[in-house]
Amino acid sequence: MEQRLPNPVRQLVTVLALVGVTLAAWAAWLGWDQHRDVHPDGTTTGPYEAWQVIGLVLTLLVPVYWAASRRYFAGAVLGTTAGLTAAASYDWSDDSSGLFGVGVLLVLVGSLVVTVPLTAVIAAVKRGGPPTVAAAAEPGPGR
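These lines cover the structure that appears in this document, whether it is placed above or below. Because the structure is predicted, anything quoted here is derived from the model rather than measured.

Right, let's get into the overall build of the protein. Looking only at helices and strands, one finds 5 helices and 2 strands in the protein. For the protein, the N- to C-terminal ordering of α and β elements is α-β-β-α-α-α-α. Counting over 143 residues, the protein shows a buried share of 34%. At a minimum sequence separation of 6, the contacts of the protein that also span at least 24 residues come to 66%. Per element, the accessible surface of the protein, about 8700 Å² overall, is 71% carbon and sulfur.

Structure below.
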């Protein structure tokens, strides 16, 4: 007989797993590039290139899809948001201007604004209808 963890425990494990995956993805895509590029006219850009951020977003689509398709909504949304916020906070905390807090807040809000509707769309497409509170609480087939 297969024993499964209770749903709240599975949700918590999913949140923690997505936090870990998100931190690792940030480190792989953005963590190594810490230098700003100075152009001949004196302007600076960076430290990240667009392809690095796009790579991070595409990488995070896989665990978000996995969690949302299994109706682990808290894991998909909170795990990704917490991971990105923690990574940005750690990575940018040495900013001498003191404005890193604004950037971290923007990462938090932006990741919530993206992951909430994305999770709802994935769940609706994958399971044949929009998510409901009752459906999220009941174990479905194959779980």
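Moving on, we come to a nonpolar patch on the surface. On the surface, a cluster of nonpolar side chains totalling about 560 Å² of accessible area is made up of Leu 105, Leu 108, Val 109, Leu 112, Val 113, Val 114 and Val 116. Counting through the fold element by element, Leu 108 comes out in helix H4 (residues 100–127).

Counting 11 residues, the largest nonpolar core consists of Ala 25, Trp 26, Leu 30, Tyr 48, Leu 56, Leu 60, Leu 84, Ala 87, Ala 88, Val 104 and Val 107. Elements represented by at least two residues in this core include exactly helix H1 (7–31), helix H2 (50–69), helix H3 (73–92) and H4. Setting aside residues no more than four positions away along its own chain, Trp 26 makes contact with Gly 31, Tyr 48, Leu 56, Leu 84, Ala 87, Ala 88, Asp 91 and Trp 92. Of all hydrophobic cores here, the second largest spans 7 residues; its members include Leu 18, Ala 68, Tyr 72 and Ile 122.

The next thing to look at is the packing of H3 against H4. Axis separation between H3 and H4 bottoms out at 9 Å; the angle between their running directions is 160 degrees. Judged by the inter-axis angle, H3 sits roughly antiparallel to H4. Once H3 is placed against H4, the crossing between them reads as right-handed. On H4, the residues that touch Phe 73, Ala 76, Val 77, Thr 80, Thr 81, Leu 84, Thr 85, Ala 88, Ser 89 and Trp 92 of H3 are Phe 100, Gly 103, Val 104, Val 107, Leu 108, Ser 111, Leu 112, Thr 115, Val 116, Thr 119 and Ala 123. The class makeup of the residues in the contact of H3 with H4 is 13 nonpolar, 8 polar and no charged.

This next bit is on unusual backbone geometry. If you check the backbone angles, Arg 71 has positive phi at about 60 degrees while not being a glycine. Along the chain, Arg 71 falls in the loop between H2 and H3.

To continue, consider the side chain of Gln 52. The topology assignment puts Gln 52 in helix H2. Relative accessible area serves as the criterion here: at 0%, Gln 52 is assigned to the buried category. Here the side chain of Gln 52 touches Trp 29 through a polar contact of 3.0 Å, landing on its backbone oxygen. When near neighbours in sequence (up to four residues on either side) are disregarded, Gln 52 contacts Trp 29, Leu 30, Trp 32, Asp 33 and Pro 47.

Turning to the packing of aromatic side chains, a few remarks are in order. What the rule picks out here adds up to 5 aromatic pairs. Ring plane angle 65 degrees and centroid distance 5.8 Å describe the contact between Trp 26 and Trp 92, whose orientation is recorded as edge-to-face. Separated by 66 residues along the polypeptide, Trp 26 in helix H1 and Trp 92 in helix H3 bring together distant segments of the chain. The buried category is assigned to Trp 26, whose relative accessible area is 7%. Each residue in the set Trp 26, Tyr 48 and Trp 92 is aromatic and connected to the rest through ring pairs, giving one cluster.

About the thresholds
Residues numbered from 1 in each chain as written. Predicted model: local features only at pLDDT ≥ 70, side-chain atom pairs only at ≥ 80, totals over all residues. Heavy atoms only, no water. Helix = DSSP H or I, 4+ residues; strand = E, 2+ residues; numbered from the N terminus. Buried < 20%, exposed > 50% of the residue type's maximum accessible area, 1.4 Å probe, protein only. Contact = heavy atoms within 4.5 Å. Areas by Shrake-Rupley, 256 points an atom, 1.4 Å probe, with all protein chains shown as cover. Patch = residues over 30% accessible without salt bridge, like charges linked within 9 Å, V, L, I, M, F, W, Y side chains within 5 Å. Salt bridge = Lys/Arg side-chain N within 4 Å of Asp/Glu carboxyl O. Core = buried A, V, L, I, M, F, W, Y, C linked by side-chain atoms within 4.5 Å. Axes fitted to C-alpha atoms, helices over the stretch in contact; angles between N-to-C directions. Parallel < 35°, antiparallel > 145°, perpendicular 65-115°, else oblique. Left-handed = near helix turned anticlockwise from the far one by under 90°. Nonpolar A, V, L, I, M, F, W, Y, C, P; charged D, E, K, R; others polar. Polar contact = N/O pair within 3.5 Å; in protein donor to acceptor, adjacent residues only side chain to side chain. Phe/Tyr/Trp six-rings, centres within 6.5 Å; stacked < 30°, edge-to-face > 60°.

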